[in-house]
Amino acid sequence: MMWKNGRTFVLAMAIMPIWHAQADPLPPYRDPGQQLDRRVDDLIQRLSPAEKIALLSTSAPAMPRLGIPPFNGFNQSLHGVVWTRPTTMFPAPIAMAATWDPKLVHDASAAIADEARAIANLWPTVVGDDRPSLLGMRVTVTPAGEKYGHNGLLYRSPVINLARDPRWGRIWEGFGEDPWLSARMTVAYVRGMQGDDRRYLKIAGTLKHYPLNDEERDRSSSNVVVSERMLHEYYLRPFEAGVVEGGVASVMSSYNAIDGTPAAESARFLTGILRRDWGFGGITVPDSGAVENIVRKFGAERDMDHAVARSISAGTDLDTGSFTAYASAALKAGLLDARQVDEAVRRILRVRFRLGEFDPPGMVPYTKIPASVIDSPAHRKIALQVARESIVLLRNEGGLLPLDRAGLRAIAVIGPMAATAIKGAQYTGLASSFPTNLDGIRKAVGPAVQVLYARGSGVVESDDPEASMKEAEVAARKADVAILFVGTNDTIERETQDRTVLTLPPVQGELIRRVKAANPRTVLVLQNGGPVSLAPTQIEYLTGYIFPGEKSAEAPAMLDMFWAGEEGATAVANVLFGDTNPAGRLPYTVYRSDTNLVPMNERDVSKGATYLYFRGTPEYAFGHGLSYTSFGYSKLAISGHEVPQRPVQVSAEIANTGQRDGDEVVQVYVRDLAASVKRPNLQLVAFQRVSLKAGEKRTLTFSVLPRDLAYWNDGTKSWALAPGAYDVMIGSSSQDIRLRGQFRSSVEGRWANGSEAVPIRRQDL
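These lines cover the structure that appears in this document, whether it is placed above or below. Keep in mind the model is a prediction, meaning the values are calculated, not measured.

**Points about the pattern of salt bridges**
Part 1 of the argument: The final tally for this structure, using the stated rule, is 51 salt bridges.
Part 2 of the argument: Of the charged contacts in the structure, one is a salt bridge between Asp672 and Arg679, with a shortest N-O distance of 3.2 Å.
Part 3 of the argument: Among the charged side chains, a salt-bridge network with shared partners connects Arg164, Asp214, Glu215, Arg217 and Arg603.

**Looking at the side chain of Glu301**
Part 1 of the argument: Positionally, Glu301 belongs in the loop between helix H9 (290–296) and helix H10 (304–314).
Part 2 of the argument: Among the residues examined, Glu301 registers a relative accessible area of 10% and is labelled buried.
Part 3 of the argument: At a separation of 3.4 Å, a polar atom in the side chain of Glu301 contacts the side chain of Arg310.
Part 4 of the argument: Non-local contacts of Glu301, meaning those with residues more than four positions away in its chain, are made with Glu265, Ile294, Val295, His306, Ala307 and Arg310.

**Here we look at the packing of aromatic side chains**
Part 1 of the argument: Summed over all chains, the structure comprises 16 aromatic pairs.
Part 2 of the argument: When the ring of Trp100 is compared with that of Phe622, the centres are 5.4 Å apart and the planes differ by 50°; the resulting orientation is tilted. In this pair, Trp100 is assigned in the loop between helix H3 (93–98) and helix H4 (102–122) and Phe622 in the loop between helix H19 (610–613) and strand S16 (631–639), connecting sequence segments 522 residues apart.
Part 3 of the argument: Under the relative-accessibility criterion, Trp100 is labelled buried at 0%.

**Observations concerning the sheet that holds S16**
Part 1 of the argument: Spatially, the three strands line up as an open sheet ordered S16-S17-S20, and their pairing is antiparallel. Of all the strands in the sheet, the pair left with one neighbour each is S16 and strand S20 (697–704). In this sheet, adjacent strand axes meet at a mean angle of 20° when their direction is disregarded.
Part 2 of the argument: Pairing of strand S17 (residues 648–656) with S20 involves eight bridges; the strand directions are antiparallel.

**Some thoughts on empty space enclosed by the protein**
Part 1 of the argument: Under the definition given, this model contains seven cavities of 30 Å³ or more.
Part 2 of the argument: If you go around the largest cavity, you meet 15 residues; those closest to its centre are Pro179, Glu233, Arg237, Pro680 and Gln683.
Part 3 of the argument: Of all the elements in the fold, those that place two or more residues in the lining of the largest cavity are helix H5 (179–194), helix H6 (228–235), H19 and strand S19 (683–692).
Part 4 of the argument: The biggest single contributor to the lining of the largest cavity is H6, with three residues.
Part 5 of the argument: Residue composition of the lining of the largest cavity, grouped by class: 10 nonpolar, one polar and four charged.
Part 6 of the argument: A volume near 70 Å³ is recorded for the second largest cavity.
Part 7 of the argument: Phe434, Pro435, Asn437, Gln527 and Ala569 are, among the 14 residues lining the second largest cavity, the residues nearest its centre.

Cut-off values and rules
Residues numbered from 1 in each chain as written. Predicted model: local features only at pLDDT ≥ 70, side-chain atom pairs only at ≥ 80, totals over all residues. Heavy atoms only, no water. Salt bridge = Lys/Arg side-chain N within 4 Å of Asp/Glu carboxyl O. Helix = DSSP H or I, 4+ residues; strand = E, 2+ residues; numbered from the N terminus. Buried < 20%, exposed > 50% of the residue type's maximum accessible area, 1.4 Å probe, protein only. Polar contact = N/O pair within 3.5 Å; in protein donor to acceptor, adjacent residues only side chain to side chain. Contact = heavy atoms within 4.5 Å. Phe/Tyr/Trp six-rings, centres within 6.5 Å; stacked < 30°, edge-to-face > 60°. Pairing = 2+ DSSP bridges. Axes fitted to C-alpha atoms, helices over the stretch in contact; angles between N-to-C directions. 1 Å grid on protein atoms, 1.4 Å probe; cavity = no way out; pocket = protein on both sides within 12 Å on 5 of 7 lines; lining within 4 Å. Points joined across faces, edges and corners; volume = space filled by probe spheres on them. Nonpolar A, V, L, I, M, F, W, Y, C, P; charged D, E, K, R; others polar.

Written out as structure tokens, the structure reads:
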């Protein structure tokens, strides 16, 4: 196998059993012809108590006598594999969600997983030696001094906590504020990364952080209290979809406590809901240090022996170190039953067998993935497509976009994000090349158009504010159009840091206003993780950046490109000059002001959070996104009203009524008019991204399932449907509704008992 620099490597597995013809029959655990459970049980009975406990670690050692290879369960692949060498850097997950294209998200995740498998296939080489490094990654050091990490096959992605508050610092890691959209993206991502082989996993995915981890302040010691209805209707739905539909191999519990019990030792969530209700059979792992926090932060257990015992007995399987340090003592003290350790080991080994660790490499299809896929042109092409599809056209007054190259003499490219590679916050790997937005525009226009550059300001500051601002104004005046790149970085939003305001830092707001004044033909491009409001704030008034009554920092044309990965510069240039017709849609609500928000520690979204319950007028609505063409909606049809006997079928004809080919994201919402409990203003139940040529028409049909109409009945502790009317709305966003209809949930004799609602059987969900 040839690496990119031409060096030749011979692949070998360090501790993998030697497969050869032999007279003695194979023990069952080494016999691929045996059933999985028999193989796992056979291996468990061969393990000593000390070996079983060693397997409960994310960096479990090799066990040569049984042919068990070393294990690494501390790997990251959120939007590209984090490795010791460059891998393909895809757009951040929030940008993936903005595509509203689950198939594309599946393809991106599959490409990331291909690279992860290729890395595992590459390590170790027959030269050099391997040593453990930080975070448990094992590194091969060759005689030439190059390091190649062994990333194992258990990866800590995706993050699927919901962005119920726009100030949360980790919004960029997830799929937005809506449970249905997030569920669809979760299933696509998990299926892509784990592969489609019926027997083997490409890599093992991990849903995190389960549950209710959506605030960075005091996250490792906070106690979250939330109603059963809100828990099931909102917070748990992406996790349930990832487990039941996606078949995820691992789930990570969160740092926080729920109703007084730390998540890492919550039998209610880890055994009751996750395993009993959803049928999860994979590995549960606590967030790093969460078991120690049971004692240190919560004081919920007297010492680590008790914390480890309670965590394992509650259903936690694999930890970064506390289990191996304290489980033996817990067993000796009678705090922990050996059968509980066996169950944890059993779940770990089931996943490891499915990863192919105990089978001949030739039987495992993913061992054939070559190193040439890592950072390959094919994967960069997928990254480019995700970046293109994610870009949201927020505003386009007077048709300023797309820009016509032929009519331009000079372009001013301005802003703190213009000439800096914006890679995102944490969990970001290395890129072999990462063009800046300035690079992308220069390449797009070529030498015929002069490109003027001015930084204008930093993200939160400027060394010489007045000089930098004047330089930007001069460049804007000289140009036919000014393209201004602004946004946020990890100084504003990231893990461990929530945002305090929704607006850009005042220095960027001032830069926008001065550039607009210098050149009214200004295009604003946002690069951000969470929502950004451009309305003026009291802070700006008090600091003198603007005067009372002055307008917002919005420009005539605006794009949101999020943190778009290594191909983002090419993608945004494609959109700016019309090579790509934008069709991204916001996966969250952009609020006008912080004053519109409920307190950040208020978990009951029905009190006014997210588009589901917000009663005000947002700056930009959930699902919003414009196009360079136009679309018509007609011929709404609704059939199959006998819910819950069968899904409601909703169809409509969508026509591209403009002059350009383009994509439309058709969104289906419902509103429950029947229930006596408080229900959302409207809720997403279906969507489809569809490509239409100019003048083309297509009829789209959607199935609205009983579960999508149901609410959680606290009395019966089950999903239920209310008898009565339901509105159906089809549109281009949650506020741009084009078609409306109605159906009734009314089956003959169904409501004769006079009950408020009919429980839905689990098989109907």
